Amino acid sequence: MSKEESLISLQTDSINLNIIGNVCSPYKEKFAIPRQPGLVPSAKGKVKLVDEANNIELVRGLEQFSHIWLLFVFHETMEQGWKPLVRPPRLGGNKKLGVLATRSTFRPNPIGMSVVKLDEIECSNKQVELHISGLDLLDQTPIVDIKPYIPYSDAIPNAQASFAQEQPKKVLTVAFSTPAKIVLQQAIKAYPDLENLIAQILAQDPRPAYKQSLSNNLVIDEKIYGIRLYQFNIKWRLISASQIEVFEIN
Ligand code: SAM
């Protein structure tokens, strides 16, 4: 078997990595993407392998793993640069921590890592696709590596994780207006899980941290918010401190 040339090249102070795949995700914009994988199990997507990596031999045996690590580039924000200190949203956006003490997207090297569920590996018309769920990635995110998730080493049940020890609580209930329900019904064949997807995303309260603390102090948020999932524009608002209404889906 011939040996492929390495995709990586090392210069004196930098490394060039090649993209091995691209993500197809329901998330068409950053707003409302969960902050970590696994929080929205109904979020389903694909990794399409590209170029030399688009070869079924690369993933032989991977189907025996239920979960995989995706290493990727924060391509949407990478040009905005980075700062040594960031404000993690989990701390309400008003406390600064070192960037390397957080999972901020604005990092010295804009590399992200997410564990996702591997649902299926498909190869048709010479295109290898990994079907995944629970992703926290924007559509078209470039993938630079994929590895199997190994529970005995990757999961450390007693690990200490400061402000991120617990999964964020689902704080809001989500209701759908009658017109929104009609659109969900019309779309059910192509998108059978769309209602769950929207409900799981919005239950996390994707609003900026300062808006959440205003609501905690019972200040009414009258803003109309929108999220883009697949080809849908979804409009929603708070109808009480603890309830969201999805009132329009286009
Ligand atoms: N699980 C990864 C990690 O820990 O490295 C990502 C965590 S980061 C806090 C998750 C956020 O990254 C999402 O909420 C979304 O706003 C953002 N994001 C996802 N894909 C992105 C991309 N391709 N470019 C820029 N930002 C992205």
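Sequence order sets the numbering: in each chain, residues are counted from 1 along the sequence as written. Owing to the predicted nature of the model, reporting of local features is limited to residues with pLDDT of at least 70; listing and counting of side-chain atom pairs is limited to 80 or more, with chain, interface and lining totals taken over all residues. Side-chain metrics rest on all non-hydrogen atoms present in the structure, leaving aside hydrogens and water.

On to the sheet that holds strand β11 (residues 173–176), then. Read across the sheet, 4 strands follow the order β11-β14-β13-β12 without closing on themselves; strand pairing throughout is mixed. The two strands at the open ends of the sheet, each matched to only one other strand, are β11 and β12 (225–229). Looking at each pair of strands side by side, their axes are set apart by 35° on average, direction ignored. Between any two strands, pairing holds if DSSP finds at least two bridges. Per the convention used, a helix needs a DSSP run of H or I reaching at least four residues, while a strand needs a run of E reaching at least two, with both numbered from the N terminus. As paired elements, β11 and strand β14 (residues 243–249) share 4 bridges and run parallel to each other. Convention adopted: a line fitted to C-alpha atoms gives each axis, helices being fitted over their contacting stretch, and angles between N-to-C directions are expressed from 0 to 180 degrees.

What follows deals with the site of the ligand. Any residue with a heavy atom lying within 4 Å of a molecule or strand is counted as near it. Neighbouring residues of the ligand: 21 residues in total, closest Gln36, His75, Arg103, Asp136 and Thr141. Under the rule applied, a polar contact is a pair of N or O atoms within 3.5 Å (in protein, one hydrogen donor and one hydrogen acceptor; residues adjacent in sequence only if both atoms are side-chain atoms). Here Asp136 contributes a side-chain N or O atom positioned 2.8 Å from a nitrogen atom of the ligand. Elements that contribute at least two residues to the shell around the ligand include exactly β5 (67–73) and β8 (111–124). Sort the elements by how many residues they give to the shell around the ligand and β8 lands first, with 3 residues. Under the grouping applied here, Gly and all other residues not named as nonpolar or charged are polar, the nonpolar ones being Ala, Val, Leu, Ile, Met, Phe, Trp, Tyr, Cys and Pro and the charged ones Asp, Glu, Lys and Arg. Tallied by class, the residues present in the shell around the ligand amount to 9 nonpolar, 7 polar and 5 charged.

For the rest of this paragraph, the subject is the side chain of Ser133. With respect to the helices and strands, Ser133 occurs in strand β9 (residues 127–133). Taking relative accessible area as the criterion, Ser133 reaches 7% and is therefore assigned buried. If near-sequence neighbours (up to four positions away) are discounted, Ser133 is found in contact with Pro41, Ala43, Lys44, Val116, Lys117 and Asp119. Three exposure classes are used, based on accessible area relative to the maximum for each residue type with a 1.4 Å probe and protein chains only: buried under 20%, partly exposed in between, and exposed over 50%. Whether two residues are in contact is decided by their heavy atoms: any pair within 4.5 Å suffices.

With that settled, the discussion passes to the nonpolar core. As used in this record, nonpolar core signifies buried Ala, Val, Leu, Ile, Met, Phe, Trp, Tyr and Cys residues forming a set joined through side-chain atoms within 4.5 Å. In terms of nonpolar packing, the biggest core is built from 47 residues, with Ile146 and Ile198 touching the most fellow members. When residues in this core are grouped by element, the largest group, 5 residues, is from helix α3 (residues 194–203). Note that domain bounds follow an automatic or database assignment of domains. No fewer than three residues from each of domain 1 (17–75 + 110–151) and domain 2 (169–249) sit in this core. The residues touching Ile146, leaving out its near neighbours within four places in the chain, are Ile20, Val47, Leu49, Leu62, Ile68, Trp69, Leu70 and Leu130.

So, on to unusual backbone geometry. Located in the positive-phi region is Gln140, a residue other than glycine, with phi close to 75°. The topology assignment puts Gln140 in the loop between β9 and β10 (142–148). The phi dihedral of Asp205 is positive, around 55°, even though this residue is not glycine. Structurally, Asp205 is set in the loop between α3 and α4 (209–216).

Two rings from Phe, Tyr or Trp (for Trp, the six-membered ring) form a pair when their centres are within 6.5 Å of each other. A pair whose planes differ by under 30 degrees is stacked, one over 60 is edge-to-face, and the rest are tilted. Under the criterion given, the structure shown has 6 aromatic pairs. Note on Phe72 and Phe74: the rings are 5.0 Å apart at their centroids and 80° apart in plane angle, and the pair reads as edge-to-face. Take Phe72: its relative accessible area is 4%, and that puts it in the buried class. By relative accessible area, Phe74 is classed as buried at 16%. Aromatic side chains Tyr191 and Phe232 sit 5.2 Å apart centroid to centroid with 85° between the ring planes, which places their arrangement in the edge-to-face category. Here Tyr191, found in the loop between α2 (178–186) and α3, pairs with Phe232, found in strand β13 (residues 232–240); they are 41 residues apart in sequence, far enough to count as distant. The partly exposed category is assigned to Tyr191, whose relative accessible area is 21%. Judged by relative accessible area, Phe232 falls into the buried class, the value being 8%. Among the aromatic side chains, those forming a connected cluster through ring pairs are Phe31, Tyr225 and Trp236. Across from the ring centre of Tyr225, 5.2 Å away, lies the NZ or CZ of Lys223, which sits over that ring. We call a charge positioned over a ring when the NZ of a Lys or the CZ of an Arg lies within 6 Å of the ring centre and within 35 degrees of the ring normal. The ring of Phe247 is capped by Arg237, whose NZ or CZ atom sits 4.1 Å from the centre of that ring.

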